[in-house]
Amino acid sequence: RPERIVELARLAVVPRGGHGREELEAAAEEIAPGRVDWVLAPEIGIPSSQVRRRIATGRPIRYLVPPAVEDELRRMGLVPSP
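No experiment lies behind these values; they were computed from the predicted model shown.

Cut-offs and rules
Along every chain, residues carry numbers that run from 1 in the direction the sequence is written. Only residues with pLDDT of at least 70 are given local features in this predicted model, and only at 80 or more are side-chain atom pairs given and counted; all residues enter the totals for whole chains, interfaces and linings. Based on all heavy atoms of the structure, the side-chain values leave hydrogens and waters out of the count. Basic side-chain nitrogens of Lys or Arg form a salt bridge, by our definition, when they fall within 4 Å of a carboxyl oxygen of Asp or Glu. Each helix is a run of H or I in the DSSP string that is no shorter than four residues. Each strand is a run of E no shorter than two, and both are numbered from the N terminus. Burial classes follow relative accessibility: with a 1.4 Å probe on protein chains only, a residue under 20% of its type's maximum area counts as buried, one over 50% as exposed, and anything between as partly exposed. Only buried Ala, Val, Leu, Ile, Met, Phe, Trp, Tyr and Cys residues count toward a nonpolar core, and they belong to the same one when joined by side-chain atoms within 4.5 Å. Contacts are residue-level and defined by heavy atoms, with any inter-residue pair within 4.5 Å sufficient. A cavity here means a set of 1 Å grid points, computed over protein atoms only, where a 1.4 Å probe fits but cannot escape. A pocket is an open set with protein on both sides within 12 Å along at least 5 of 7 lines, and lining residues have an atom within 4 Å of a point. Grid points are joined across faces, edges and corners, and a volume is the space filled by probe spheres set on the points. Amino acid classes used here: Ala, Val, Leu, Ile, Met, Phe, Trp, Tyr, Cys and Pro are nonpolar; Asp, Glu, Lys and Arg are charged; the rest, including Gly, are polar.

Turning to the pattern of salt bridges, a few remarks are in order. Across all of its chains, the model carries five salt bridges by this definition. Put simply, Asp 37 and Arg 10 hold a salt bridge, and the shortest N to O gap is 2.9 Å. Of this pair, Asp 37 sits in strand 2 (residues 36-38) while Arg 10 sits in the loop between helix 1 (2-8) and strand 1 (11-13), placing them 27 residues apart in sequence. Taking the shortest distance from any N to any O, the salt bridge between Arg 74 and Glu 70 comes out at 3.0 Å. Of the two residues, Arg 74 and Glu 70 both sit in helix 4 (residues 67-75), four residues apart, roughly one turn of that helix. When its relative accessible area of 21% is taken as the criterion, Arg 74 is described as partly exposed.

Moving on, we get to the nonpolar core. In this structure, Val 51, Ile 61, Val 65, Leu 73 and Val 79 together form the largest nonpolar core, which totals five residues. Excluding residues that lie within four positions of it along the chain, Leu 73 makes contacts with Ile 55, Ile 61, Leu 78 and Val 79.

This part is about the layout of surface pockets. Space inside the largest pocket adds up to approximately 560 Å³. In terms of lining residues, the largest pocket is bounded by 19 residues, among which Arg 16, Ile 44, Ile 46, Pro 47 and Ser 48 are the most central. Listed by contribution, the elements that provide at least two residues to the lining of the largest pocket are helix 3 (48-56) and helix 4. With three residues, the top contributor of residues to the lining of the largest pocket is helix 3. Of the residues assigned to the lining of the largest pocket, the class counts are 13 nonpolar, three polar and three charged. There is about 300 Å³ of room inside the second largest pocket. Of all the elements in the fold, those that place two or more residues in the lining of the second largest pocket are helix 3 and helix 4.

Following this line, the structure appears as structure tokens:
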């Protein structure tokens, strides 16, 4: 029930390539009026599907994700220890 999430929480939105700020702001206003926080972060041109594929095939993801993300995935048992 995604609409319930919007009722209970604010949304954090990180703009990604391919979508202009105006387009994203319009969508955010429609989905969660007044309940969106914009997170500015450098864009990294690595698709999450590539990271998931590497994890699924047991290949390393070092340098593709921040060290803290890799550590958390390892803690959760999703990425093997080196």
